[in-house]
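Residue-level listing of the chains:
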Amino acid sequence: MSGARCRTLYPFSGERHGQGLRFAAGELITLLQVPDGGWWEGEKEDGLRGWFPASYVQLLEKPGMVPPPPGEESHIVILPPGWQSYLSPQGRRYYVNTATNETTWERPSSSPGIPASPGPHRSSLPPTVNGYHVAGTPAYPPETAHMSVRKSTGDSQNLGSSSPGKKQSKENTITINCVTFPHPDTMPEQQLLKPTEWSYCDYFWADKKDPQGNGTVAGFELLLQKQLKGKQMQKEMSEFIRERIKIEEEYAKNLAKLSQNSLAAQEEGSLGEAWAQVKKSLADEAEVHLKFSAKLHSEVEKPLMNFRENFKKDMKKCDHHIADLRKQLASRYAAVEKARKALTERQRDLEMKTQQLEIKLSNKTEEDIKKARRKSTQAGDDLMRCVDLYNQAQSKWFEEMVTTTLELERLEVERVEMIRQHLCQYTQLRHETDMFNQSTVEPVDQLLRKVDPAKDRELWVREHKTGNIRPVDMEI
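Residues numbered from 1 in each chain as written. Predicted model: local features only at pLDDT ≥ 70, side-chain atom pairs only at ≥ 80, totals over all residues. Heavy atoms only, no water.

An unreviewed UniProt entry lists the protein under the name Growth arrest-specific protein 7, from Enhydra lutris kenyoni. Under the Function (unreviewed entry) heading, UniProt states for the protein: "May play a role in promoting maturation and morphological differentiation of cerebellar neurons." What UniProt states about the protein under its Subcellular location (unreviewed entry) heading is, verbatim, "Cytoplasm". (UniProt positions renumbered as here; feature names shortened; annotations may be inferred.)

Given below as structure tokens:
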């Protein structure tokens, strides 16, 4: 079909397509490529080349203008009266009887109504669009061929396929919860925002089945659950330290009480001094543990309780913000689908009226076609507008997701580091307490080493002696 010519039916700006061919109604274009998909490449008479929707032009089928495809006769054959030949978008020639609207793949013979070969295969070919029959689905304008696809780097692809001249056997996007992502077959390995870091911003875009298999959980919701769980763990650690403080306070109270006990208070000598020091060490140890409990409260428990006190409230605001963006995105996606269906209906109506024009020419039919074309163009513009709004909503959601997930990641790192520092403070205080406790028993050790039973006996005898003369034996 390359080399055939066509006439434009109505203007096409091509502004929203990187390789679009701008033209006005009534211009002649020489076709260069006619792939499947409803987009053709052509060259205008001024030498400009580009791509345009096949539904915007009408093929000019005159004998000898388009070379016959392989397998058909190379010589020119005059068709019987009432028959016209056309080329499908795939480049296959077929024939239409303008009087009966009969279509056939077989070339009619010179005798009216008789095909060139026996047993012709007539089929109900697709309806005529703007002067030719189109196989497949209606062609959309370039701006609405596909939804935009956002790469993980944050850039957006242009709407439409990257090269309209390439055949695409598969869609290059996949939709998950009204969000478009690159299809795994077209982009199996996406570039990560933070490679090698296992960052939140790279791995929580889709949903995940819950362990019970009853439903799915959004990736962002998993991150929120992680943060709330961390907050709960932090609270439980604070409660644990509080219990430790209670134990210390109770222990100090019991030590102080025991140090005031009068048991063995009458022990004398160096042993009595050592015993008195033992009881005094209990009082000193009680004071050490009271100080330890006070520092645990001020330097460990209280910071754990106060850290990110408004975290849950902030996370709820963040959750609502992301949820609102998802709702807006879903609404925009629904509007795109509605506009797409409306465009399909307008194009179908245009095809039907164009087919009626081939059967019966009248001013009313031509006026209906003009009106149908205006409605089809308006529907295409509406679809483009809806796609633009969808892309804006998706871009906003993407940016907010990246920003929020990175913030959650930062908060989690901050939480873990904060807890680590305060647990280190706990162990430091514990070591200090052990050192102070050791210092309270050192005087006891020194006095115990000085205990001398002989000296204690001497001192006691000197203090309590009653006489130092021994009795004598009685004589008879």
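Caption draft 1: Structural detail: the pattern of salt bridges. All told, the structure shown has 19 salt bridges when counted by the stated rule. For the salt bridge of Lys 194 with Glu 197, the shortest nitrogen-to-oxygen distance reads 3.4 Å. Judged by its relative accessible area of 48%, Glu 197 is partly exposed. Between Arg 415 and Glu 412 there is a salt bridge whose closest N-O contact spans 3.0 Å. With a gap of three residues between them, Arg 415 and Glu 412 both fall in helix α5 (residues 363-450), about one helical turn apart. Like Arg 415, the residue Glu 412 is buried in the burial classification. Put simply, Glu 27, Lys 44 and Asp 46 are held in one network by salt bridges that share partners. (Salt bridge = Lys/Arg side-chain N within 4 Å of Asp/Glu carboxyl O. Buried < 20%, exposed > 50% of the residue type's maximum accessible area, 1.4 Å probe, protein only. Helix = DSSP H or I, 4+ residues; strand = E, 2+ residues; numbered from the N terminus.)

Caption draft 2: Molecular detail of the packing of helix α2 (residues 219-259) against helix α3 (residues 269-306). In contact at an axis separation of 8 Å, α2 and α3 are set at 165° when each is read in the N-to-C sense. Put simply, α2 runs roughly antiparallel to α3. Taken as a pair, α2 and α3 cross one another with a handedness that is left-handed. Looking at side-chain class alone, the contact of α2 with α3 contains 17 nonpolar, six polar and seven charged residues. (Axes fitted to C-alpha atoms, helices over the stretch in contact; angles between N-to-C directions. Parallel < 35°, antiparallel > 145°, perpendicular 65-115°, else oblique. Left-handed = near helix turned anticlockwise from the far one by under 90°. Nonpolar A, V, L, I, M, F, W, Y, C, P; charged D, E, K, R; others polar.)

Caption draft 3: Seen up close, the confidence of the model for the protein. Scored by pLDDT, the protein has a mean of 76; 74% of the residues are at 70 or more. Taken element by element, the predicted model of the protein shows its lowest mean pLDDT in strand β10 (residues 132-133) (31) and its highest in α3 (92). Segment residues 62-76: pLDDT under 50, and 20 contacts once partners within four positions in sequence are set aside and those in other chains are kept. Taken together, the stretch residues 111-170 has pLDDT below 50 and engages in 171 contacts with residues farther than four places along the chain or on a different chain. (pLDDT = per-residue confidence, 0-100. Contact = heavy atoms within 4.5 Å.)

Caption draft 4: Up close: unusual backbone geometry. Positive phi is not limited to glycine here, since Trp 198 has a value of about 50°. Relative to the helices and strands, Trp 198 is located in the loop between β12 (179-182) and α1 (200-203). Look at Ala 264: it is not a glycine, yet its phi comes out positive at around 60°. With respect to the secondary-structure elements, Ala 264 resides in the loop between α2 and α3.

Caption draft 5: Structural context of the nonpolar core. In this structure, Trp 205, Phe 220, Trp 397 and Leu 408 are the most contacted members of the largest nonpolar core, which totals 28 residues. Elements with a contribution of two residues or more to this core: β12, α2, α4 (311-359) and α5. Broken down by element, the residue count for this core peaks at twelve residues, all from α5. Judged by nonpolar contacts, the second largest core, of 21 residues, contains Cys 6, Ile 29, Trp 40 and Leu 350. (Core = buried A, V, L, I, M, F, W, Y, C linked by side-chain atoms within 4.5 Å.)

Caption draft 6: Structural detail: the side chain of Gln 277. Along the chain, the position of Gln 277 falls in helix α3. Apart from the residues lying within four places of it in its own chain, the contact partners of Gln 277 are Pro 443, Val 444 and Leu 447.

Caption draft 7: A look at the packing of aromatic side chains. Scanning all chains against the criterion turns up nine aromatic pairs. Measuring from ring centre to ring centre gives 5.8 Å for Phe 23 and Phe 52, while their planes differ by 85°; the resulting arrangement is edge-to-face. Here Phe 23, found in the loop between β1 (5-8) and β2 (28-33), pairs with Phe 52, found in strand β4 (residues 49-53); they are 29 residues apart in sequence, far enough to count as distant. Residue Phe 23 is classed as buried on the basis of its relative accessible area, which comes to 4%. Exposure remark for Phe 52: the relative accessible area of 0% places this residue in the buried category. (Phe/Tyr/Trp six-rings, centres within 6.5 Å; stacked < 30°, edge-to-face > 60°.)

Caption draft 8: Region of interest: α3. Between its first and last C-alpha, α3 extends 55 Å over 38 residues, near the 56 Å set by a 1.5 Å rise per residue. Residue His 297 marks the point of greatest curvature in α3, where the axis turns by about 40°. (Expected span 1.5 Å × (residues − 1). Bend = angle between axes of the 7 residues up to and from the residue.)

Caption draft 9: The arrangement of the sheet that holds β2 in detail. Read across the sheet, five strands follow the order β4-β3-β2-β1-β5 without closing on themselves; strand pairing throughout is antiparallel. Here the strands that pair on one side only, and so sit at the sheet edges, are β4 and β5 (57-59). The average undirected angle you get between the axes of adjacent strands in this sheet is 45°. Sheet topology places β1 next to β5; three bridges connect them, and they run antiparallel. Counterpart to Thr 8 in the pairing with β5 is Val 57. (Pairing = 2+ DSSP bridges.)

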